[in-house]
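Here is how the chains run, residue by residue.
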Amino acid sequence: MPTIKGEGINMQVKRTRHRRIGVAMAAVVGLALAGAGCGTRAAQADRSDTDRPIAKQTYLAALPERLEADGTTITVGNPDARLAIGLYEDPRCPYCKEFELTGGASEVDARAKQGKVKIQYTLASFLDDRLGGHGSRKAVNALRAALEEGKFEEYHAVLYTNQPAEEVDGYTDAYLLQLASKVPGLRGVRFDSAVKGMRYQGFVTASQAAYERGGGPGTPTMLINGIQLPEAVSGVIYEKAGTKSLLDVEVEYAESEG
């Protein structure tokens, strides 16, 4: 992926206060980045999880997490933060793993820790239908069960750190419970039975429907206060420097509006 120059992004985004974020970035760097993610895999056929070393994601365990009134959005972070970073993710998606472990997620996390942003997840499960199996649905159900125990973000990090190969459909009940053992205090009768019995099947279905209502843009996809980054520049979220520049400008703008 071409290098994205942070100063150029800052300069142009500051000129586009009406949230024309992606178009401005493309104009500055003078290129159109390929749309990235599991929803547009053909354009990313040359990408690999082995392109970069996998680093362990820092947990956001101390932050509040909750299910929003819409019944599908899982929010992590300061509820009063003026900047909401929306993320569409499918647990089986290897590009979500790349974003979470070596891409821009660490920059999002850092600002959540500072209380400057709240992270809002919409969990998709379309890869089960595309590739066969039930792993995405099972993982989304398990993540909802982890939220019930106040352990969503910790378990979310563990799932991506230990994600099976996409085509294997490796998120079985046994594997999900094995990974849950890595999160202190998560395993118990309630959580285990929720995983084995797909207690949150309704949530899984509703969450996939919410993703589809959002246009089914592929995963991972980032939204800033409800506005999706255009596909042409969506690949910026795989670059820490580019994501940092984007978020620095957006946080500054949100705070100035406060």
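As shown above, the structure is provided for reference.
Everything in this summary refers to the structure shown in the same document. (Residues numbered from 1 in each chain as written. Predicted model: local features only at pLDDT ≥ 70, side-chain atom pairs only at ≥ 80, totals over all residues. Heavy atoms only, no water.)

### Some remarks on the pattern of salt bridges
One pass over the full model with this rule turns up 14 salt bridges. Lys 138 is the partner of Asp 173 in a salt bridge, and the nearest nitrogen-oxygen pair spans 3.0 Å. Here Asp 173 is found in helix α8 (residues 173-180), whereas its partner Lys 138 is found in helix α6 (residues 135-148), with 35 residues between them in sequence. Overall, the relative accessible area of 21% leaves Lys 138 in the partly exposed class. As a salt-bridge pair, Lys 151 and Glu 154 come within 3.8 Å of each other at their nearest N and O atoms. Put simply, Arg 92, Asp 128, Asp 129, Arg 137 and Asp 169 are held in one network by salt bridges that share partners. (Salt bridge = Lys/Arg side-chain N within 4 Å of Asp/Glu carboxyl O. Helix = DSSP H or I, 4+ residues; strand = E, 2+ residues; numbered from the N terminus. Buried < 20%, exposed > 50% of the residue type's maximum accessible area, 1.4 Å probe, protein only.)

### Considerations on the pairing of strand β3 (residues 83-89)
Counting buried residues in β3 gives seven out of seven residues, a clear majority hidden from the surface. Going residue by residue along β3, you find Leu 83, Ile 85, Leu 87 and Glu 89 tucked away on one face and Ala 84, Gly 86 and Tyr 88 tucked away on the opposite face as well. Two strands pair when backbone bridges link them, and β3 and strand β4 (residues 117-123) are joined in this way by seven bridges, in the parallel orientation. Bridge pairing in β4 places Ile 85 opposite Ile 119. (Pairing = 2+ DSSP bridges.)

### Some remarks on α6
For α6, with 14 residues, the first-to-last C-alpha span of 20 Å sits near the 20 Å given by 1.5 Å per residue. Most of α6 sits out of view: eleven of its 14 residues are buried. Burial in α6 covers these residues: Gly 135, Ser 136, Ala 139, Val 140, Asn 141, Ala 142, Leu 143, Arg 144, Ala 145, Ala 146 and Leu 147. Downstream of α6 by a residue or two, Gly 150 has a phi angle that is positive, lying close to 75°. (Expected span 1.5 Å × (residues − 1).)

### Some details on the sheet that holds β4
Strand order in the open sheet formed by six strands is β1-β2-β4-β3-β5-β6, and the pairing between neighbours is mixed. The sheet is open, and its two edges are formed by β1 (65-67) and β6 (227-228), each paired on a single side. Taken together, the four bridges between β3 and strand β5 (residues 221-224) define a ladder with antiparallel strand orientation. Paired with Gly 86 across the strands is Leu 223, a residue of β5. Lying over the sheet, helix α3 (residues 94-102) contacts β3, β4 and β5, oriented at roughly 140° with respect to β3. The sheet strands contacting helix α11 (residues 240-257) are β3, β4 and β5, and the helix crosses β3 at an angle near 140°. (Contact = heavy atoms within 4.5 Å. Axes fitted to C-alpha atoms, helices over the stretch in contact; angles between N-to-C directions.)

### A few points about the nonpolar core
Of all hydrophobic cores here, the largest spans 61 residues; its most connected members are Ile 85, Tyr 155 and Phe 191. Contact partners of Tyr 155, with chain neighbours within four places excluded, come to Ala 142, Leu 143, Ala 146, Leu 176, Leu 179, Ala 180, Val 183, Leu 186 and Phe 191. (Core = buried A, V, L, I, M, F, W, Y, C linked by side-chain atoms within 4.5 Å.)

### So, the pairing of β5
Burial along β5 is two-sided: the residues Thr 221 and Leu 223 and Met 222 and Ile 224 are all buried. In the sheet, β5 pairs with β6 via two bridges, with the strands oriented antiparallel. Within β6, the residue paired with Ile 224 across the bridge is Ile 227. Linking β5 back to β6 in an antiparallel pair, the connection comprises two residues, with Asn 225 at a positive phi of about 45°.

### Here's the deal with the packing of α6 against helix α9 (residues 189-196)
Between α6 and α9, the shortest axis-to-axis distance is 9 Å and the interhelical angle comes to 160°. By the angle between their axes, α6 is roughly antiparallel relative to α9. When the axes of α6 and α9 are compared, the crossing they make is right-handed. Counting all contacts with α6, which are made through Asn 141, Ala 142, Ala 145, Ala 146 and Glu 148, the residues of α9 involved are Arg 190, Phe 191, Ala 194 and Val 195. Residues of the contact of α6 with α9, tallied by class, amount to six nonpolar, one polar and two charged. (Parallel < 35°, antiparallel > 145°, perpendicular 65-115°, else oblique. Left-handed = near helix turned anticlockwise from the far one by under 90°. Nonpolar A, V, L, I, M, F, W, Y, C, P; charged D, E, K, R; others polar.)

### What about the packing of aromatic side chains?
For the coordinates displayed, the defined rule picks out five aromatic pairs. Measuring from centroid to centroid gives 5.4 Å for Tyr 88 and Tyr 211, while their planes differ by 85°, and the two rings are edge-to-face. Placement of Tyr 88 in strand β3 and of Tyr 211 in helix α10 (residues 201-213) is noted, with a sequence separation of 123 residues between them. On the basis of relative accessibility, which here comes to 4%, the residue Tyr 211 falls in the buried class. Taking 5.3 Å as the distance between ring centres and 10° as the angle between the ring planes, the aromatic pair formed by Phe 126 and Tyr 211 counts as stacked. Placement of Phe 126 in helix α5 (residues 126-131) and of Tyr 211 in helix α10 is noted, with a sequence separation of 85 residues between them. An aromatic cluster is present here, built from Tyr 88, Phe 126 and Tyr 211 joined pairwise through their rings. Lying over the aromatic face of Phe 203, Arg 144 brings its terminal NZ or CZ to 5.9 Å of the ring centre. (Phe/Tyr/Trp six-rings, centres within 6.5 Å; stacked < 30°, edge-to-face > 60°. Lys NZ or Arg CZ within 6 Å of the ring centre and 35° of its normal.)

Purely geometric stuff here, so don't read any function into it on its own.
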